[in-house]
Amino acid sequence: LVEVLAGVVVITSKEAVQHQGISLTMEGLVNLQLSSKSVGVFEAFYNSVKPIQLISSNIEVAKPGKVPGGKTEIPFEFPLQAKGNKMLYETYHGVFVNIQYTLRCDMRRPLLAKDLSKTCEFMLHCQPQKSKVQPTPVDFTITPETLQNVKERTSLPKFVIRGHLDATNCVITQPLTGELVVESSEVAIKSIELQLVRVETCGCAEGYARDATEIQNIQIAEGDVCHGLPIPIYMVFPRLFTCPTLETTNFKVEFEVNVVIVLHDDHLITENFPLKLCRV
Amino acid sequence: MHARVRKYGAELQRCRLDAVPVDLGDYHPLKPITVTDSRSRRGGRKGSTSSSSSSSSSVAPDPLSSMLEGTDPLSLFAAASASETPTLSHSSSSVELGRKRRENEEEVGADFEPWSAKRGEILARFTTTEKLSINLFMGSDKNKASSPSSAVSEKVRTRLEELDDLEEGSQRELLNLSQQDYVNRIEELNQSLKEAWSSDQKVKALKIVIQCSKLLSDTSVIQFYPSKFVLITDILDTFGRLVYERIWSMCSDPRPIPDSFSVEDVNDTAKETCLNWFFKIASIRELIPRLYVEAAILKCNRFLNKTGIQETLPRLTAMIRGIGDPLVAVYARAYLCRVGMEVAPHLKDSLNKNFFDLLASFRQIHGDTVQNQLVIQRVEIPVYLTLYSPAIHWILQCVAYRAPDVLLTEMMERCKKLGNNALLLNSVMWAFRPEFVAARATDFIGMIKDCDEAGFPKHLLFGSLGRSLACADPPESERLPILNEAWKVITKVRSPQDYINCAEIWVEFTCRHFTKREVNTVLADIIKHMTPDRAFEDAYPQLQSVMKKILTYFHNFSVLFSMEKFLPFLDMFQKDSVRVEVCKSIMEVFIKHQQEPTRDPVILNALLHVCKTMHDSVNALTVEDEKRSLALLINGFIRMVSFGRDFEQQLSFCVEARATFCNLEPVIIQLIHTVNQLAMETRRVMGGSHSRKTAAFVRACAAYSFITIPSLTSIFSRLHLYLLSGQVALANQCLSQADAFLKAAVSVLPEVPRTISVEGKQRSSEAFLLDFINSFLSTLLVVPDHPEQGVLYLVRGLLNMVQDYTWEDNSDAKVRVYISALPLLAAMSQESYLYTIPKVDSNETLYGGDPKFVAEISRLCETLIGQVLDHLKTLGREEGVRRQGSLAFSLFSTLLAHGDLRNNKLNQLAVNLWNLSHKNGHCDTRTSVRTLEHIKQQAQQPELSHLSDMLLRLSLQSRA
C-alpha cells in the first residue's frame, strides 16, 4: 500500500499565459550538518555531509502552450515511494539533522519572461507502528547523595525530591506525564522545569558527532512550592521538532527529558531521563 | 340693559337628562378592569362556549377583554402553563425530568452573583499609592536570558520606553506608574490586543496576552494585586472571546452553526486552527502565563472533542499546585473557577478539587517566603490576609452554588481542621447560602471565638456572619444569645471605623428580630463609640445605613421616637447635607407608612424637630427642586397631624408651624389650606350654626389666613387664597372677614405682573388673570353689600381695577372681563339667586328686588356694554376685524343668554352684533348654525316666543 501526495496546481492570471511547460518536482532530503563542537570550525564548514535523498520524482503537468486567463486548476498525484532501498522518515527539523519534504512547481516561460517557481513543504508522518508500546514508567528520588558531577557535596543544601514519569516509552501524540513531590528542602525552590532535549548523532568519515540541544523548556513550578503536595509533570511534544526516535546507519535522532530544579541560591539540579518516542 | 327673568328651578328641570337607572354591572370608565383568576377560568376554556360567556358577564366589558372572551393573552398563557404543568409531571417519564434537571445544571441561574458584580468592588477596595511598574518583553524567548540581566543603561531604558509599539524584540519597562497610570496602560494593552487581532496579527496578540499574564506572577506592591488580577483577567477574557469567535466563524461557513454544536459540526480547518492554538500555548515556557492563557481559551476545547473541557479542567487545577506564592495561586484558582463556571458549570468536581488543593496548600501563607516578603514590603498580616478574601469568596461561591448541604458541611469540617482558619471561615460565611450559615450560627460563633486573634481581624468575621444573618433567620431560640455574643465582640473593637462597619451590619439583625429595647441598646453603644473625637464625621455613610435599616423595620413612629437614643443618634449627623438627607429619609418613611392622622406629642415634637432641620437647611443657594421636595415632605407631615375635635390645639399647631416653616412657601400655603379646612370642619361639626365660642374660633382661623397670605410672594397664590379664604369666611358667616379678604384680593390685582414664570418659562399672565377674575365674579353673587359702602361696591371696585390695570397692548382682555361681568349682573337682578350661602343674606334679601337696585344694575350694564361697543369700534378701524367679529359674537351670546330681548333696543343691538360678527366672514359657520338652532329651540318656550321674530332677522353669511 503506497500513499499518494495529491493536490492541484492553481494558476491565476488576468490574461492568458504563454509557457513552455509546467512541471512538478517532489523531493525528500536528509540534511546532516556537523557541529563545530565535534569537528572543528573548518571541517564543519567544508565537510558538511552530502544530503541523503530519500525520494525524488518529477512530472510534467502541462505541455508547452497557453494557460487561459482566470483560475486554472491542474490536479496531480505522486506516489510516495522511497528511492531504492531507502526508507521514508518522518519530517523533522533539528539543528544538525533536518528531514524535509518539498514540492516545487516550475513554469518555464518564453524568452524575456522570468521562469516562475513555487516551493512548499509538506509533512510526512510515519505509518503507526503495529506493536504495542510498553510504557516503562520510572520512579526517581533526587537528594544531594544521588547527584553526580558535584564539586563540593558539603556545600549543597539538603533536599528530598521524589517523583515518577508515567512512561519513558512515549507516544508522540500524547503528552509526557508524571508527578513530582518536593518532600523537603532546606533552601527555597525558585523554579522547577522540564527540559526537552534532542540528541542528534551524525556519522561521517572521521567517526561520528553527537550533540544534545534543547528543544523546549517548560516550567512546572514557580516559587517556593508547597512541600508534600504532588506537582504534575506535563509536557506536550512539539510538532515538527520531535519525531519518533530514529536510528539509521548514517544518523540518529534521540530525545531526553531533564527535570531541572533551580534553588533560590541558584543551585541547579538536573536529573536526566532518556525517552523513546514512537507513533501508534 | 334689562336682564331677562330667569326661573332657575324650571330651567334646571328642563335641562336635566332623563334619569336612567344604573345597574351595577354596567360599564363605567372608572370601574377597574377585573382580571379574573386564570385558574378558575381553566374549566371554562375547555368547556362549552356558554360557560365562558356566562363568566364574562362578571367582568367589566372592556373592549380588549371582551374580544378575548374576558381573558387577556397574558393570563391565558398563565392559565395554559398552569394547566399543563400538572399533567406533564403526571405523564412525563423520569427521563424527561432528568433532562430538565441536567439543563438546569448546565446553566448558571440568576441567583449566582456574576463576576462582573465583584469587579468594581475589588477595584475600589484594593488600591495603592505606591509606584507600580509594568515590564513587557515582546521578544522571543531566546534573547531573554541575556537582556534582563545585562544592565540596561538609564538612557537606553527611557528610549525604549518611548517606543510605543510592541514590535518584535522590543522591551518596555515602565517604572514609577501611579495606580491610575497603571490602569490606563493595561487598558491600552487591551486596545492594542484588539487592534492586533483585527489586523490579523495573531502572534502579536498572543504575545500581548502572554506578557500581560506574566504580570500576574509579580507580587510587588502586593496590596494592589487583587485589582491587578481584575484588570489583567479582563484582557484574558477578551482574548478568550476573540479566539473562540474566530474559530466559531471558521465553521460558520456556509451557514452558522448552532450554539449547541457538537464536534461533528466543526470542519477540519477550524479544528486544525484550534489545535494550533493549543500547541502554541502548550509551549509557553513560563508556568503562570501558560496556565492563564490556556484557561482563557478553555471554551475552545468544544471544537476538538466532547471531553476536552472535562479533561482540561482537572489538569489545570493540578497545574496550579506548581505556583509557590499562595496569593498568586489562589487568584489563579479563582480565575479557573470563574472560567469553569462560565463554560461548564456542571463540572463541580474540579471546583471542589480547587478548594481542597487550596486547603492543602494553606500553610504556605504562614511560610517563611511569604513572611519575608511582607517584611520587605512592610505589609501587616491582617492586611495581607484580606487580600485573599475576594479570591476565596469567589471560589467558595462557585463551590457552594446549588451544592447539597452535605457537601457544605464537609467543607466546613475541613476548614475546622486547619489551624488558624479565620480567613477561610470568613469566606465560608460570605459564600455559603445564608440559610446554611444562619442555621449553624451558634457553631460559627464558637469557631470565630477559637480563631487566633493575631491573624484575621475578628470584627470582619462577625461582619460576615452578620451579613448572612441579615438575609436568613437563625433558629428562634438562638437569636438572643447570638446577638449577645456578637455584640460582646463588636463593642470591644477599638477603631471607630472598624466598629461602625461591623455594627452597621448587625443593626439589621437586631431590628429584624428584636424590639425597640434591644435596638435602643445598640444605638446607645454606637453613640458611645462614635462620639469620642467626633469619629462619626468619618462614618456618615454607615450611620446613614444604620438609620435606613431602623426605618425599614420600624414603621410605628411612636415606638421609634420613644427609643431614648433615637434622637441623640440623629444628633450625630452634624454635617448639614447629611443631616438633611437623613431627615428626608425619616419623613419619607413617615409619609409612606403613617396611616392614621396623629396627635401623639412625642411624634409631633420629634417630627417638628426633623422638619425644622430640613426647613433650616434652605438658604439662598438652595435649588428650586430641593425646596419643592422638602416642602412636599413637610406638607405630608402637616397633613398627618390631627387633634381630632380639639380644633384650638390644631390651630395653635398651625401657628407654631407657620413660625417654624416661614421660608417654604408651599408649606405656608398648605397651612392656610389646613386652617381653612379647620374652619369648615368646625362648621360641619356645628351643623352650620356657630355658637359664640365656635364663631370666635372661625374668626380666629380667618384672621390666621388673613395675616398669613400677604407673606407669600407668588401673586396668584395670594389671589386664590384670598378668594378661597373669603369663601370660607362667608360660609362661616364672618361677613366682615369675607369682605376684607375680597377687598384685599381686589387691591392686589393691580400688582399682577404681565408675565409670570411658569416652569422656568416666561408666560403671559393674562389667561391666569382672566380665570381668576371669572371665578371671583361668580363668588361676588353671594357676597352681600357692605352696609356702609355703596351698592355693589365690590363689583364696582373690581371693574375699576380692571379698567386701571395696564393690560397688554392690543389685548381684548379688559373687554372680555366686561362681557363676563354681564352674566353676574344679570344674575344679581333676579328675584331669587342661583345659589346662596345658608345663613348668609345675599343682596336678593337685602334689597328684595328693589327697583332702585335693579336700575343701578342696568346702569352698570349699560356702561359696560358701552365700553365694549367703543372697543369694537376701535377694532373696526384697525386690522382687528377678526377680533372684532369674535368679541361681537361673544357679546351677542351673552345678551342672548342673559338679556331681555323683548326690549327693542336690546333686540336691535343683538341683531347688529350678529351682523357685525358675520360682516367680515371670520366667524365659524358651524357655531352660527348651532346658535340659530339653539334660538329656534328656545323660541318654542312660551315666555321666549319673541325670539322667533328675531330669528328671522338673523341671517347666515353663507345665505347672504
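Residues numbered from 1 in each chain as written. Chains lettered and ligands numbered in written order. Predicted model: local features only at pLDDT ≥ 70, side-chain atom pairs only at ≥ 80, totals over all residues. Heavy atoms only, no water.

## So, the overall build of chain A
A tally of helices and strands in chain A yields two helices and 19 strands. Out of the 280 residues in chain A, the part that is buried amounts to 44%. Once local pairs closer than 6 in sequence are excluded, the contacts in chain A between residues at least 24 apart make up 71%. (Helix = DSSP H or I, 4+ residues; strand = E, 2+ residues; numbered from the N terminus. Buried < 20%, exposed > 50% of the residue type's maximum accessible area, 1.4 Å probe, protein only. Contact = heavy atoms within 4.5 Å.)

## Some details on the overall build of chain B
Scanning chain B from N- to C-terminus turns up 47 helices and four strands. When burial is assessed residue by residue, chain B has 49% of its 960 residues classed as buried. For chain B, the proportion of contacts with a sequence separation of at least 24, taken over those separated by at least 6, is 74%. About 47500 Å² of surface is accessible on chain B, with carbon and sulfur atoms providing 53% of the total. (Areas by Shrake-Rupley, 256 points an atom, 1.4 Å probe, with all protein chains shown as cover.)

## Re the interface of chain A and chain B
With 21 residues of chain A in contact, the opposing surface of chain B contributes 26 residues. For the pairing of chain A and chain B, the buried interface totals around 1900 Å² over both sides, and the portion due to carbon and sulfur atoms is 53%. Of all residues in chain A, A:Gln219, A:Glu222 and A:Arg239 give up the largest surface area on contact with chain B, accounting jointly for 30% of the area buried on that side. In this structure, A:Arg239 engages B:Glu272 in a salt bridge whose closest nitrogen and oxygen atoms are separated by 3.2 Å. At the surface where chain A touches chain B, the tally comes to eleven residue pairs in polar contact (both at pLDDT 80 or more). Elements represented by at least two residues in the side of chain A that touches chain B include exactly strand S15 (207-222) and strand S16 (231-235) of chain A. For the side of chain A that touches chain B, the element with the most residues is S15(A), which contributes seven residues. Here the side of chain A that touches chain B is built from residues that sort into twelve nonpolar, five polar and four charged. (Buried area = accessible area lost by both parts, 1.4 Å probe. Salt bridge = Lys/Arg side-chain N within 4 Å of Asp/Glu carboxyl O. Polar contact = N/O pair within 3.5 Å; in protein donor to acceptor, adjacent residues only side chain to side chain. Nonpolar A, V, L, I, M, F, W, Y, C, P; charged D, E, K, R; others polar.)

## Details of the pattern of salt bridges
Any two side chains of opposite charge can pair if their charged atoms end up close together. All names here are of chain A. Under the defined criterion, the tally for this structure stands at 37 salt bridges over all chains. The salt bridge partner of arginine 162 is glutamate 183, with a shortest N-O separation of 2.8 Å. One end of the pair, arginine 162, is in strand S11 (residues 159-165); the other, glutamate 183, is in strand S13 (residues 176-185), with 21 residues separating them in the sequence. According to the relative accessible area criterion, arginine 162 is partly exposed, its value standing at 39%. Judged by relative accessible area, glutamate 183 falls into the partly exposed class, the value being 38%.

## Digging into the nonpolar core
Residues B:Tyr384, B:Trp506, B:Ile526 and B:Phe637 are the most contacted members of the largest nonpolar core, which totals 306 residues. The next biggest cluster of nonpolar side chains, apart from the first, holds 71 residues, and it includes A:Leu103, A:Phe140, A:Leu176 and A:Ala221. (Core = buried A, V, L, I, M, F, W, Y, C linked by side-chain atoms within 4.5 Å.)

## Let's talk about the pairing of strand S3 (residues 755-758) of chain B
All names here are of chain B. Bridge count for S3 against strand S4 (residues 761-764) is four bridges, and the pairing is antiparallel. Bridge pairing in S4 links isoleucine 756 to arginine 763. Hairpin connection, S3 to S4: the antiparallel pair is bridged by two residues, and glutamate 759 has positive phi, about 50 degrees. (Pairing = 2+ DSSP bridges.)

## A short note on unusual backbone geometry
Residues and elements named next belong to chain B. Positive phi, close to 55 degrees, is recorded for leucine 792, a residue that is not glycine. With respect to the helices and strands, leucine 792 occurs in the loop between helix H39 (766-780) and helix H40 (793-804). The exposure class of leucine 792 is buried, given its relative accessible area of 0%. The residue asparagine 810 is not glycine, and still its phi comes out positive at about 60 degrees. Using a relative accessible area of 60% as the deciding quantity, one classes asparagine 810 as exposed.

## Looking at the sheet that holds S16(A)
Residues and elements named next belong to chain A. Taking strand neighbours across the sheet as the criterion, the four strands line up as S10-S11-S13-S16 in an open arrangement whose pairing is antiparallel. Of all the strands in the sheet, just strand S10 (138-142) and S16 have a single pairing partner and so form its edges. Neighbour-to-neighbour, the strand axes of the sheet open up by a mean angle of 20 degrees, direction not taken into account. Where S10 meets S11, five bridges bridge the pair, whose relative direction is antiparallel. Of the residues in S11, the one forming a bridge with threonine 141 is arginine 162. (Axes fitted to C-alpha atoms, helices over the stretch in contact; angles between N-to-C directions.)

## A short note on the pairing of strand S18 (residues 251-263) of chain A
Across a regular strand the side chains alternate sides, sitting on one face of the sheet and then on the other. All names here are of chain A. Counting buried residues along S18, eleven of its 13 residues qualify, which places the element largely inside the surrounding structure. Examined bridge by bridge, strand S17 (residues 246-247) and S18 share two bridges and lie antiparallel to one another. Bridged to leucine 246 within S18 is valine 253. What sits between the antiparallel neighbours S17 and S18 is a turn of three residues. Pairing between S18 and strand S19 (residues 268-278): eight bridges, direction antiparallel. Note on S19: the bridge partner recorded for valine 259 is glutamate 271.

## Side note on the confidence of the model for chain B
Across chain B, the average pLDDT comes to 81, with 84% of residues at or above 70. Note on residues 36-73 of chain B: pLDDT under 50 across the span, and 29 contacts to partners over four residues away in sequence or across chains. (pLDDT = per-residue confidence, 0-100.)

## Quick look at the packing of helix H7 (residues 115-125) of chain B against helix H11 (residues 225-250) of chain B
Residues and elements named next belong to chain B. Across the interface, H7 lies against H11 with an axial gap of 9 Å and an inter-helix angle of 135 degrees. Here H7 is positioned oblique relative to H11, judged by the angle of their axes. Two packed elements cross with a definite hand, and for H7 against H11 that hand is left-handed. The residues of H11 that touch H7, namely those facing Trp115, Arg119, Ile122 and Leu123, are Pro226, Ser227, Phe229, Val230, Leu231 and Asp234. (Parallel < 35°, antiparallel > 145°, perpendicular 65-115°, else oblique. Left-handed = near helix turned anticlockwise from the far one by under 90°.)

## Re the side chain of A:Asp106
All names here are of chain A. In this fold, aspartate 106 is placed in strand S8 (residues 97-107). Looking at aspartate 106, its side chain comes within polar contact range of the side chain of arginine 104, at 3.1 Å. With residues near it in sequence (within four places) discarded, aspartate 106 still touches Gly21, Ile22, Ser23, Thr25, Leu116 and Ser117.

## Here we look at the packing of aromatic side chains
All names here are of chain B. A full pass over the atoms with the stated rule returns 42 aromatic pairs over all chains. Consider the rings of phenylalanine 509 and phenylalanine 514, whose centres lie 6.0 Å apart with planes at 70 degrees: the pair is edge-to-face. The pair phenylalanine 509 / phenylalanine 514 is uniform in exposure class, with both members buried. These aromatic residues form a ring-pair network of at least three members: Trp115, Tyr225, Phe229, Tyr292, Tyr331, Tyr335 and Trp394. Seen from the ring of tyrosine 244, lysine 299 lies directly overhead, with NZ or CZ sitting 4.3 Å from the centre. (Phe/Tyr/Trp six-rings, centres within 6.5 Å; stacked < 30°, edge-to-face > 60°. Lys NZ or Arg CZ within 6 Å of the ring centre and 35° of its normal.)

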